[in-house]
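Listed below, chain by chain, are the residues.
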Amino acid sequence: MVSGAPGGTGAASGAAPAASPEDSRPPVSGAPVRMVKICPNCGSEMTDIAKRCTNCGEDLRTVRPTEAAVRQAPSRKRERKRQSQELAVFMSPDGREIFHVLASSPVTVIGREHDMSAYLESCEYVSRRHAEIKTYSSQIVINDVGSTNGTFVNDRKVESLKDQPLRDGDRISLGGTWNCQGAGCFTVKYIPQET
């Protein structure tokens, strides 16, 4: 039997086995590739210098390496980068994530007509432009920008136009104390940063 002939059920000694349709797809143009050996006995993917299959013990010395696309590493790298850019998340009193504070946004205006507007639009005591969230390295501060009803951190009113550092677990309420009817309330949850 000729190796690779249609209808063949086995691979000739030293030849790579027939690949599944998913494995036989060529790598996406420009995608990183690596050389691997495919075990003819169990189909496990081994490094290109492997002499034996670590899964079943098959001799791989005569198996020729083949190209395989590296599909997972780039997405993991992007995910780590995305997470490292998030300093904190604001949580609603019922535990929903409502806003992500990013290191790449040094100043963010929050209010009924700015960021967090979807969450704050029905909060009647919140001003259209209520407060600023600022990031300094890994620290977050809040600054009331002259709102009508004030900004509160742990039920203490923040002095207008003065930065108030925020800690993990701080309760923020815009327009009144915590859970005041008509105020916009949320909790600060810092995201651990990679060192």
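One can find the structure itself at the top, above this paragraph.
On a predicted model such as this, the values are computed, not experimentally measured, just so you know. (Residues numbered from 1 in each chain as written. Predicted model: local features only at pLDDT ≥ 70, side-chain atom pairs only at ≥ 80, totals over all residues. Heavy atoms only, no water.)

A. Focus on the overall build of the protein. Per the secondary structure count, the protein includes two helices and 13 strands. For the protein, the proportion of contacts with a sequence separation of at least 24, taken over those separated by at least 6, is 38%. Here the protein displays about 12300 Å² of accessible surface, and carbon together with sulfur accounts for 47% of that area. (Helix = DSSP H or I, 4+ residues; strand = E, 2+ residues; numbered from the N terminus. Contact = heavy atoms within 4.5 Å. Areas by Shrake-Rupley, 256 points an atom, 1.4 Å probe, with all protein chains shown as cover.)

B. Spatial organisation of the sheet that holds strand E4 (residues 86-91). The strand order across the open sheet built from six strands is E5-E4-E13-E12-E9-E10, with neighbouring strands paired in antiparallel fashion. Each edge of the open sheet is held by one strand with a lone partner, namely strand E5 (97-102) and strand E10 (156-157). As judged from the five bridges shared by E4 and E5, these two strands associate in the antiparallel manner. Residue pairing across strands places Ala 88 opposite Val 101, the latter belonging to E5. (Pairing = 2+ DSSP bridges.)

C. Representation of the nonpolar core. Phe 90 and Met 116 are the most contacted members of the largest nonpolar core, which has 24 residues in total. For this core, the secondary structure elements donating two or more residues are E4, E5, helix H2 (117-120), strand E7 (131-136), strand E8 (139-144), strand E12 (171-174) and strand E13 (184-190). Here Met 116 is in contact with Phe 90, Ile 98, Phe 99, Ile 110, Gly 111 and Phe 186, once residues within four sequence places are set aside. (Core = buried A, V, L, I, M, F, W, Y, C linked by side-chain atoms within 4.5 Å. Buried < 20%, exposed > 50% of the residue type's maximum accessible area, 1.4 Å probe, protein only.)

D. The arrangement of the sheet that holds E7 in detail. Pairing in this open sheet of four strands is antiparallel, and the strands run E6-E7-E8-E11 from one edge to the other. The outermost strands of the open sheet, each flanked by one partner alone, are strand E6 (107-110) and strand E11 (164-166). Strand-to-strand twist in this sheet, taken as the mean axis angle between neighbours without regard to direction, amounts to 30°. One ladder, built from four bridges, connects E6 with E7; its direction is antiparallel. In the strand pairing of E7, Ile 110 is matched with Ala 131. (Axes fitted to C-alpha atoms, helices over the stretch in contact; angles between N-to-C directions.)

E. Main features of the pattern of salt bridges. Taken as a whole, this structure holds seven salt bridges when the rule is applied. Of the charged contacts in the structure, one is a salt bridge between Arg 129 and Glu 132, with a shortest N-O distance of 3.6 Å. Residue Arg 129 is classed as partly exposed on the basis of its relative accessible area of 41%. Residue Glu 132 is classed as buried on the basis of its relative accessible area of 14%. One network of salt bridges, with partners in common, ties together Arg 129, Glu 132, Lys 134 and Asp 163. (Salt bridge = Lys/Arg side-chain N within 4 Å of Asp/Glu carboxyl O.)

F. Seen up close, the side chain of Thr 151. When you line up the elements, Thr 151 lands in strand E9 (residues 151-153). The exposure class of Thr 151 is buried, given its relative accessible area of 0%. For Thr 151, the side chain forms a polar contact with the side chain of His 130, separated by 3.3 Å. A polar atom in the side chain of Thr 151 sits 2.6 Å from the side chain of Asp 144. Apart from residues no more than four positions distant in its own chain, Thr 151 is found in contact with His 130, Ala 131, Ile 142, Asp 144, Arg 156, Lys 157, Val 158, Ser 173 and Leu 174. (Polar contact = N/O pair within 3.5 Å; in protein donor to acceptor, adjacent residues only side chain to side chain.)

These figures capture arrangement, not role.
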